Amino acid sequence: MFDSVSAAALRSALDGLASRQRATADNIANINTPHYLAARVDFESALRDAVGSGSGVAGSTESRSTAPTREDGNNVDLDTETMSNLDTQLRYQLVSQAMSGKFSSVSLALKTS
Amino acid sequence: MALFDAFRASGSGMTLARKWMDAVGDNIANINNVSRTDEDAFRQRFIVAQADDYDGGHTAGSAGGVKVAGVAFGSGEGRLVYDPTNVLADDKGYVKLPDIDMNSQMGQLIVSQRAYQANAAVVERARASYEAAINIGAK
């Protein structure tokens with residue numbers, strides 16, 4: 001029951017979102033570092049394939065942004081990062097709630113006997 | 001990847017911004033330092049920022065973030081000012097003042113302050129995320 005596709009997918013989504021949260025924090029910390037290229041985390045495409053193939057377990061991949069750089073060789077854009085940070089936070093809370101809902105239905109099933 | 005990594009990355013960004021503000025404060029405090037013409041003038045301080053664990057893939061328990069790689073010093077050449085009443089003046093009446101541009105310092109002060117605020121905002125959002133995770137399964 002705890003290894004169902006949906007539980008594994010929720011867990012993978014939480015992992016991926018936490019990685020993205022960390023990457024955004026890293027990018028904003030390095031907003032003035034010369035020659036720093038923004039980190040990008042992708043897990044959605046791997047997760048989509050994993051759910052499609054019936055496993056639900058997917059990792060995340062990290063890459064460097066290829067966006068044009070500023071004069072100092074840095075390409076962190078504060079607006080993009082702030083929006084990504086906010087978006088990731090809300091998604092994280094949403095997935096946490098879904099996870100909570102999953103556990104509360106399990107605990108309901110345990111009680112009815 | 002360790003728990004609460006976003007806090008550590010943002011914390012390092014706040015540390016860097018604070019040290020940068022310290023350096024700017026030091027530069028502005030010494031902007032009117034007078035030296036003899038045969039000595040070096042006050043050298044302005046620069047903070048050297050470097051990304052931490054840039055290509056490490058964050059496997060060794062590092063959250064990335066940023067670190068102060070060192071402090072660089074500006075030129076000690078300074079500029080000569082005619083001030084014959086100064087006790088440090090040479091026989092032609094000149095003293096040396098540091099070559100620090102106040103406008104550049106104020107600009108740096110604003111940029112470092114905004115960087116600090118941006119990092120503090122990330123800490124707050126990361127906190128809300130982690131709180132949601134802590135409450136998984138709570139009634």
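Before reading on, note that the structure itself is shown above.
A short tour of the structure in this document, coming up.

Moving on to the overall build of chain B. Counting its secondary structure elements, chain B contains 2 helices and 4 strands. Along its sequence from the N terminus, chain B presents helices and strands in the succession α-β-β-β-β-α. Taking 139 residues into account, the globule formula puts the C-alpha radius of gyration at 14 Å, and chain B, at 22 Å, lies well above it. Considering chain B as a whole, with its 139 residues, one finds that 36% of them fall into the buried category.

A few words now on the interface of chain A and chain B. Taken residue by residue, the interface counts 32 residues in chain A and 33 residues in chain B. For the chain A and chain B pair, buried surface summed over both sides reaches about 2,400 Å², with 61% attributable to carbon and sulfur atoms. Per-residue buried area on chain A facing chain B is highest for R22, A29 and N32 of chain A; these three make up 21% of the total on that side. The interface formed by chain A and chain B contains 8 residue pairs in polar contact (both at pLDDT 80 or more). Listed by contribution, the elements that provide at least two residues to the side of chain A that touches chain B are α1 (5-29), β2 (61-64) and α3 (78-111) of chain A. Ranked by residues supplied to the side of chain A that touches chain B, first place goes to α3 of chain A with 13 residues. For the side of chain A that touches chain B, the residue count by class is 14 nonpolar, 13 polar and 5 charged.

Turning our attention to the side chain of S10 of chain B. Following the sequence through the fold, S10 of chain B ends up in helix α1 (residues 5-29). You can call S10 of chain B buried: its relative accessible area is 0%. Excluding residues within four positions of it along the chain, S10 of chain B makes contact with A25 of chain A together with N119, V122 and V123 of chain B.

With that settled, consider the packing of aromatic side chains. Considering all chains together, one arrives at 5 aromatic pairs over all chains under this definition. One aromatic cluster is present, built from ring pairs that chain together F4, F7 and Y130 of chain B.

The phi dihedral of H35 of chain A is positive, around 65°, even though this residue is not glycine. Locating H35 of chain A in the fold gives a position in the loop between α1 and β1 (39-42). Among the residues examined, H35 of chain A registers a relative accessible area of 61% and is labelled exposed. Although it is not a glycine, D53 of chain B adopts a positive phi angle of roughly 55°.

Scoring rules and cut-offs
- Residues numbered from 1 in each chain as written.
- Chains lettered and ligands numbered in written order.
- Predicted model: local features only at pLDDT ≥ 70, side-chain atom pairs only at ≥ 80, totals over all residues.
- Heavy atoms only, no water.
- Helix = DSSP H or I, 4+ residues; strand = E, 2+ residues; numbered from the N terminus.
- Rg over C-alpha atoms; globule rule 2.2 N^0.38 Å.
- Buried < 20%, exposed > 50% of the residue type's maximum accessible area, 1.4 Å probe, protein only.
- Contact = heavy atoms within 4.5 Å.
- Buried area = accessible area lost by both parts, 1.4 Å probe.
- Polar contact = N/O pair within 3.5 Å; in protein donor to acceptor, adjacent residues only side chain to side chain.
- Nonpolar A, V, L, I, M, F, W, Y, C, P; charged D, E, K, R; others polar.
- Phe/Tyr/Trp six-rings, centres within 6.5 Å; stacked < 30°, edge-to-face > 60°.

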